[in-house]
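# Architecture at a glance
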Amino acid sequence: MKHFGDGRDWFFENRYGMFIHWGIYSVDGWHEQVQWRRRIPKAEYVRRVAKFNPAKYNPDAWCRLARDSGMDYMIFTTKHHDGFCMWDTKETGYNIMRTPFGRDVLAMLAKSCRKFGIKLCLYYSCPDWHHPNSINQGGDHELERQNPGDEPDNRKYIAYVKRQATELCSNYGRIYGFFWDIPPRVKDPSINKLLRKLQPGIMINDRGYDKGDYDTPERKVPAGGAFSRPTEACQSVGEHSWGYRKGEDYYSRRFLMQGISKIMAMGGNYVLNVGPKPDGTIPKEAAGILLDIGKWYKRV
């Protein structure tokens, strides 16, 4: 498979990473899309901001777990579909600084990643169930109806996305990858161009506003013997949710190891997800799975 040779080759040299889904949805302990799946009105959902206080959040512990599990990089959810921002953004008050915790968890994580030698990548959802200009017409991962007072406008929303992407790629040191989620209806290559200008050598996935650098099969091992394009498969340790879920059913270690083996044999990367609890700790069951798989991964 052809490499890029312009700073993006880290992707081919660091094959295994940690995915982290964390946000105010963890308060429910059910699913990262709880607002959409349970049709919770915006006015009710936002009350979770006042309940989110991850007093036990220790990014050093997350990075140590990743390192001890044989992982080289980490993808962190800066904004999921609910629109809540896990960094100190100046573009909306719907962010981590308005919680009782009141600290920039992304800044803390970026510092720990540098300390432990973990390459930091960022996830950002294209759909947004909170922003007044985002499109919500019942489409893929969109609310069935707009929130009261919303003014859907793709032009204004994309401008908002660009301003936030500028913050994320300017204020937290080197960002190695950008993971868009849920491809939007519109194409705008200028957005990825902006990311590359701000972060030379960044790898960008295929779920954003243009084709990107690599494909992202989710929760499955594609058929075939080899990938024709750079690929990063993603899977969660939990069967039902990517975010924290009380009483989650976990995949067996053997099942996950078989998936990792197959994907890597085909030439792809693999990221395995955990969903931290609302207090900021990673569930013991999930951490145990990562560590056990890490022992195997380091041997093969």
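Residues numbered from 1 in each chain as written. Predicted model: local features only at pLDDT ≥ 70, side-chain atom pairs only at ≥ 80, totals over all residues. Heavy atoms only, no water.

A word on the overall build of the protein. Across its full length, the protein holds nine helices and seven strands. The C-alpha radius of gyration computed for the protein amounts to 18 Å, which stays within 12% of the reference 19 Å derived for 300 residues, consistent with globular compactness. Principal-axis analysis of the C-alpha atoms places the extent of the protein at approximately 55 × 40 × 35 Å. When each of the 300 residues of the protein is scored for burial, the buried share is 59%. For the protein, the exposed area adds up to about 12700 Å²; of that, 49% sits on carbon and sulfur atoms. (Helix = DSSP H or I, 4+ residues; strand = E, 2+ residues; numbered from the N terminus. Rg over C-alpha atoms; globule rule 2.2 N^0.38 Å. Buried < 20%, exposed > 50% of the residue type's maximum accessible area, 1.4 Å probe, protein only. Areas by Shrake-Rupley, 256 points an atom, 1.4 Å probe, with all protein chains shown as cover.)

The next subject is the packing of helix H4 (residues 59-68) against helix H5 (residues 105-116). Each packed pair of helices is defined by two parameters, the angle between the axes and the distance between the axes. At their nearest, the axes of H4 and H5 sit 8 Å apart, and the two run at 40 degrees to each other. Compared by their axis directions, H4 and H5 come out oblique. As for how H4 packs across H5, the hand of that crossing is right-handed. Taking contact as the criterion, the partners of Pro-59, Asp-60, Trp-62, Cys-63, Arg-64 and Arg-67 in H4 are, on H5, Met-108, Leu-109, Ser-112, Cys-113, Lys-115 and Phe-116. Among the residues forming the contact of H4 with H5, the class breakdown is seven nonpolar, one polar and four charged. (Axes fitted to C-alpha atoms, helices over the stretch in contact; angles between N-to-C directions. Parallel < 35°, antiparallel > 145°, perpendicular 65-115°, else oblique. Left-handed = near helix turned anticlockwise from the far one by under 90°. Contact = heavy atoms within 4.5 Å. Nonpolar A, V, L, I, M, F, W, Y, C, P; charged D, E, K, R; others polar.)

Further remarks concern empty space enclosed by the protein. Summed over all chains, the structure comprises two cavities of 30 Å³ or more. Around the largest cavity sit 15 residues that line it, and Val-237, Gly-243, Glu-248, Tyr-250 and Gly-275 are the ones nearest its centre. For the second largest cavity, the full set of lining residues is Trp-22, Gly-23, Ile-24, Tyr-25, Thr-77, Thr-78, Lys-79, His-80, Asp-82, Phe-84 and Met-86. Looking at the lining of the second largest cavity residue by residue, the class counts come to five nonpolar, four polar and two charged. (1 Å grid on protein atoms, 1.4 Å probe; cavity = no way out; pocket = protein on both sides within 12 Å on 5 of 7 lines; lining within 4 Å. Points joined across faces, edges and corners; volume = space filled by probe spheres on them.)

Moving on, we come to the nonpolar core. Formed by 75 residues in total, the largest nonpolar core has its most connected members in Met-74, Phe-178 and Trp-180. Trp-10, Tyr-176, Cys-234 and Val-271 belong to the second largest nonpolar core, which has 15 residues in total. (Core = buried A, V, L, I, M, F, W, Y, C linked by side-chain atoms within 4.5 Å.)

Extensive coverage of strand S3 (residues 119-125) is indicated by the burial of seven of its seven residues. What you see with S3 is no split at all: Lys-119, Cys-121, Tyr-123 and Ser-125 on one side and Leu-120, Leu-122 and Tyr-124 on the other are buried throughout. In the sheet, strand S2 (residues 73-79) pairs with S3 via six bridges, with the strands oriented parallel. If you follow Phe-76 over to S3, its bridge partner there is Leu-122. Taken together, S2, H5 and S3 form a β-α-β motif whose crossover is right-handed. Both S3 and strand S4 (residues 177-181) contribute to a ladder of five bridges, which runs parallel. When the sheet's bridge partners are listed, Tyr-124 is paired in S4 with Trp-180. The β-α-β motif built from S3, the intervening helix H6 (residues 154-168) and the parallel element S4 has right-handed crossover chirality. (Pairing = 2+ DSSP bridges. Right-handed = clockwise from strand over helix to strand, strands pointing away.)

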